[in-house]
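# A structural walkthrough
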Amino acid sequence: MGRFLATNVSLILRGFPRHYCVGQASKTNLSQLRKRTGVPLKNCRAALQKCHNNLEEAEKWLKEQAQKEGWARADKLQSRPMSQGLLGLIQSRTGATMIESNEVKNSNGMEKRGLERAVDWVKNNDLEIGTIVTDRHLQIQKWIRENLPETTHYYDVWHVAKGLKKKVLATAKQSECGQLSKWSRSLTNHLYWVATSTPNGDGDLMWAKWESVENHVHNKHEGHNELFPSCAHGMLYGDERKKKWIKPGSKASEKISDIILSNRMKRDIPKLSPLYQTSQIEAFHSTVNHFAPKMVAFSYYGMYCRLIVAALHFNENTSRVQAATKEGNMQFKISFPKFKHGEYSVRKRTVDSTYGYVTSLMTETFTSMEASVDATSPHQPPVSCLPEIQPPPLCSNFVHPEKSEAVQHFRSRFMRKETPV
Ligand SMILES: [Zn+2]
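Residues numbered from 1 in each chain as written. Predicted model: local features only at pLDDT ≥ 70, side-chain atom pairs only at ≥ 80, totals over all residues.

Let's shift gears to the overall build of the chain. Check the secondary structure of the chain and you find 16 helices and 7 strands. Counting over 421 residues, the chain shows a buried share of 24%. Counting only contacts in the chain whose residues sit at least 6 apart along the sequence, the fraction spanning at least 24 positions is 61%. (Helix = DSSP H or I, 4+ residues; strand = E, 2+ residues; numbered from the N terminus. Buried ≥ 20, exposed ≤ 12 C-beta atoms within 10 Å, placed from the backbone. Contact = placed C-beta atoms within 7 Å.)

Right, let's get into the nonpolar core. Core analysis: the biggest nonpolar cluster contains 27 residues, and V194, M206, W210, I256, I269 and L272 have the highest contact counts within it. Of the residues forming this core, the biggest block, 5 residues, is contributed by helix α9 (residues 203-216). Residues within four places of V194 in sequence aside, it is in contact with M206, K209, W210, I269 and L272. Listed in part, the 13 residues of the second largest apolar core include V288, I308, L312 and Y357. (Core = buried A, V, L, I, M, F, W, Y, C linked by C-beta atoms within 7 Å.)

Before going further, it helps to spend a moment on the packing of helix α7 (residues 157-172) against helix α8 (residues 184-196). At their nearest, the axes of α7 and α8 sit 9 Å apart, and the two run at 155° to each other. It follows from the interaxial angle that α7 and α8 lie roughly antiparallel. When you trace α7 past α8, the crossing you get is right-handed. Within the contact between the two elements, α7 uses V157, V160, A161, L164, K165, V168 and L169 and α8 uses S184, L187, T188, L191, Y192 and A195. By residue class, the composition of the contact of α7 with α8 is 10 nonpolar, 2 polar and 1 charged. (Axes fitted to C-alpha atoms, helices over the stretch in contact; angles between N-to-C directions. Parallel < 35°, antiparallel > 145°, perpendicular 65-115°, else oblique. Left-handed = near helix turned anticlockwise from the far one by under 90°. Nonpolar A, V, L, I, M, F, W, Y, C, P; charged D, E, K, R; others polar.)

What follows concerns the confidence of the model for the chain. Per-chain confidence: the chain averages 77 in pLDDT, with 76% of residues scoring 70 or above. Overall, residues 72-102 carries pLDDT values under 50, and its contacts beyond four positions in sequence, including any with other chains, amount to 85 contacts. (pLDDT = per-residue confidence, 0-100.)

Despite not being glycine, N53 has its phi angle at roughly 65°, a positive value. The residue N53 is located in the loop between α3 (41-50) and α4 (55-69) in this model. In this structure N53 comes out as partly exposed when scored by C-beta crowding, with 15 C-beta atoms within 10 Å. One non-glycine residue, E176, adopts positive backbone phi at about 65°.

Attention shifts here to the packing of helix α13 (residues 279-291) against helix α14 (residues 300-317). The N-to-C vectors of α13 and α14 enclose an angle of 130°; their axes lie 9 Å apart at closest approach. Taken together, the axis directions place α13 and α14 in an arrangement best described as oblique. Where α13 crosses over α14, the two elements pack in a sense that is right-handed. Contact residues: α13 offers F284, T287, V288 and F291, while α14 offers R306, L307, V309, A310, H313 and F314.

Along its 13 residues, α8 runs 19 Å from first to last C-alpha, staying within 8% of the 18 Å computed at 1.5 Å per residue. Residues of α8 that are buried: L187, H190, L191, V194 and A195. Down the axis of α8, the buried side of the element spans an arc of 135°, and every buried residue falls inside it. Taken together, the buried residues of α8 touch α7 and α9. (Expected span 1.5 Å × (residues − 1). Arc of directions from axis to C-beta.)

Right, let's talk about the pairing of strand β4 (residues 131-134) for a bit. Bridge analysis of β4 against strand β5 (residues 152-155) gives 4 bridges, and the strand direction is parallel. Considered in β5, the bridge of V133 is made with Y154. Crossover β4 to β5 through helix α6 (residues 138-147) is right-handed. (Pairing = 2+ DSSP bridges. Right-handed = clockwise from strand over helix to strand, strands pointing away.)

Turning to the environment of W210, a few remarks are in order. Note that W210 resides in helix α9. The exposure class of W210 is buried, given the 24 C-beta atoms found within 10 Å. For the pair formed by W210 and I269, sequence separation is 59 residues and the distance between their alpha carbons is 7.5 Å.

Encoded structure:
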């Protein structure tokens, strides 16, 4: 059981030092330091302890730590109405990393920092990354190109398909291009087929297959190119034959050809991920949202623990089998996903979630508590996996007014409004 918990916990990576010891500090200095820096009491206490209760030195040390760990970046985030932001990243369904949004300039930067940390973790565990699948984030593309030259980088198909669909639908709104909206689904289906029908990830073949669709929409199904000379659908019958084919030379034809053969597509199609997609991460994020709703601001430890519990729940329930009725019939459900704008999806209904990890957690907690009774150091945290030091909340670097003055200001403004003109 100990191994069960420890395994999961050790995979939640964090970027804050844990070797500071917490001890006694002068109460006056402690509150002074807290007031001057806005850093949590625990960190102030650690700083004073380290600097033998010297206020100036402790402040200097804390500032150095803040610089080192990126805490001081919070002032750049004033427009963001959040007190603590976190990002989870998962590797092969087994690990996650957590990043404070005040470590980086903005939420875009969090993705890169998460990747750096995940890659470090993999390297520190003597593992090699053969293939990496991400969305088309430009910063990430550059980072992987420069830092992981031996690794094959693929793009998640869903993200490419989403961009394609958006472009086709936007173009369909232009004059004489209305019929393109009918092609949006066929094109995204073809995109998925291009990736999944090329399991070896041969980029040239993927491009050849994709390029052929430019002929297909014009009702031409042969003579595409050397690698993929004719469509794979065979003879077309019935409704398939009566499709709204695009007339060569028309405005719609010109526009759809531009989209299909765009430079962006030329770059992205050969890098489509043939086997693995990032949908598992999206599913994990949705589990995290369940355990840590975005509308509630949690403390650092609160968020940390919730992320761990979300990972435990996800790992236990991610491969649930399809549910069946008593008679043995497989069960399905119909849903109306927002992105389908009113169209439905049929999904397999899975068996109910299980919560075995709760029993394991409780056992671990009791064992840990019993052990702490005999512990030699009274300052040991009750659960040793928690980080001993936590970064300050984002708002700690903002200018804090004297509360009485702020209230006075608020009152005087309020009174002015009430005065009749
Ligand atoms: Zn065809």
